[in-house]
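Chain by chain, the residues run as shown.
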Amino acid sequence: MTVTATAGTMSATQRKKEVRRVLLSSYLGSTIEFYDFLLYATAASLVFGPVFFADLDPLAASIASMGTFAAGYVARPLGGIVFGHFGDTVGRKAMLLISMTVMGIASFAIGLIPPPEMIGSWAAVILVLLRVCQGLAVGGEWGGAALMSLEHAESGKRGFAAAFTNAGAPTGALLGTLALAAVSLLPDEQFLTWGWRIPFLISAFMLALGLFIRSKVSESPLFTAALKESAKKETAPPIVTILKRPRAVVVASMSCIASFGMQTAFTTFAITYAVASGAQRSDALLAFSFCQFCAIFLVLGSARLSDRIGRRPVMLAGLGAMILSVYPLFLLLSTGQFLFIALAFVGYTICHSATYGPMAAFISEQFGTRARYTGASLGYQLATLIGAGFTPVILASLFASSGKSIIPVGLFIIALCVVSAVFLVATKESKDNDLSAETPSA
């Protein structure tokens, strides 16, 4: 089954135009979702400790703040299952509109949380609840956005097309970090009182833009064809189909945990580490912003390369590079100098992009169309939970318990890379899998 065959009466020009519209929608939608989700990550490393946990000592406040960050990752697999079920039975497009709405409202509400001086510990409780809503939303967002691009794309270009969803993550992180960097130029008292809220409140405008763009795209042609075919016969619920073949979920998630581990380590711990080593807060955020700008192109470039030589070689190269460079990168961060910090973040980005660029296609290619939203979402979100959910807390704890030594931090990141590499080596190449098959070879 090809996209052309399922595109009805659309001409070749119309199909190309529609594919471009879908890629733009996935990219911008993912940008908005990850702006909100990763903005929280940066805020958790710099703001939420002193704002919501001011009664604790600085290190304990930082760990507590990272704990609220983890709540979003715990909720992501549940979001993947719920949105995945309806995405596989009702449609990809409808679930993407709902997930974006939930994310935008939750992020806007974070900017409105009253300070603890007004409502006491309820401020932290509300923060955690809204973070859970963010997790549910992003749990449903990624799978739908990646599949819309993947299932509209021509054979041989699937990795590049699906990567537009992943390219939205560094774009969102870039915008979120720049927004937080801008308000961090305020005096500390103003920044911690009201300045940090502004980037979250901006979510309302981004939500309106995203919903407008996303409402214009058509449903996935592969899904539409599969839905018509399934109407002729009784089919099991998507989650049942996935659980009957759990190997695909295990492979998809464990192969990718290191990518999320390194992403979270450098999004949260590394920024805090650079600031603690003498860097200005605004300099660390700007250096990270620069690396996220580079990541947009590196993610797309590595995905295009994976269309040619395969997903596994590109992802394994990224893991190997991180194992070799993790300690030199932290050494650069410890200098406290802007140029070296920027070089460290760019080095991280090169390694991470090689694992992250092909990932959208790699995970999605493990599943058949009728359960692909559920399977891809579950695999991806389990990878984020295992690889990233508790990584900030673990790294902060390792750093503190070792007398502020970076050695155990690096060993933890290396261990994640080794685990992912083992699973990738044991996995078959997926770039030529038949997406119309009920159970593509994993």
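If you're wondering where the values come from, they're calculated on a predicted model, not measured in any experiment.

Draft legend 1. Broad picture of the nonpolar core. Counting 123 residues, the largest nonpolar core has Phe 48, Phe 266, Met 322, Phe 330, Leu 333, Phe 345 and Ile 363 as the members making the most contacts within it. Looking at which domains feed residues into this core, each of domain 1 (17-222) and domain 2 (236-441) supplies at least three. In this structure, Phe 345 is in contact with Phe 266, Ala 270, Ile 271, Ala 284, Ala 287, Phe 288, Cys 291 and Leu 333, ignoring residues within four places of it in sequence.

Draft legend 2. Broad picture of the domain arrangement of the chain. Structurally, the chain comprises domain 1 (17-222) and domain 2 (236-441). On a C-alpha basis, the centroid separation for the pair domain 1 and domain 2 is 18 Å. Taken together, the contact between domain 1 and domain 2 spans 61 residues of the former and 57 residues of the latter. Looking only at domain 1, the three residues that lose the most surface to domain 2 are Asp 88, Trp 142 and Arg 158, adding up to 14% of its buried area. For Arg 158, the salt bridge identified is with Glu 365, shortest N-O distance 3.1 Å. Where domain 1 touches domain 2, the interface holds 16 residue pairs in polar contact (both at pLDDT 80 or more). Broken down by secondary-structure element, the contributors of at least two residues to the side of domain 1 that touches domain 2 are α1 (12-46), α3 (58-89), α4 (92-110), α6 (122-152), α7 (158-183) and α8 (188-195). A total of 18 residues in the side of domain 1 that touches domain 2 trace back to one element, the largest contributor, which is α3.

Rules used throughout
Residue numbers restart at each chain and count upward from 1, following the sequence in its written direction. Confidence filtering applies because this is a predicted model: local features only for residues at pLDDT of at least 70, side-chain atom pairs given and counted only at 80 or more, and all residues used for totals across whole chains, interfaces and linings. Calculation of side-chain values draws on the structure's entire complement of heavy atoms; hydrogens and water are dropped beforehand. Here the nonpolar core consists of buried residues drawn from Ala, Val, Leu, Ile, Met, Phe, Trp, Tyr and Cys, with membership extended through side-chain atoms lying within 4.5 Å. Using a 1.4 Å probe on the protein chains alone, a residue whose accessible area is under 20% of its type maximum counts as buried, one over 50% counts as exposed, and one in between counts as partly exposed. Domain start and end points were adopted from an automatic or database domain assignment. The contact criterion used throughout is that any non-hydrogen atoms of two residues lie within 4.5 Å. Buried area is a sum: the accessible area each of two parts loses on coming together, probed at 1.4 Å, counted once for each and added. Counted as salt bridges are all cases of a side-chain nitrogen of Lys or Arg within 4 Å of a carboxyl oxygen of Asp or Glu. For this analysis, a polar contact is any N or O atom pair within 3.5 Å, provided that within protein one partner can donate a hydrogen and the other can accept it, and provided that sequence-adjacent residues contribute only side-chain to side-chain pairs. By the criteria applied, helices consist of DSSP H or I runs no shorter than four residues and strands consist of E runs no shorter than two, each listed in order from the N terminus.

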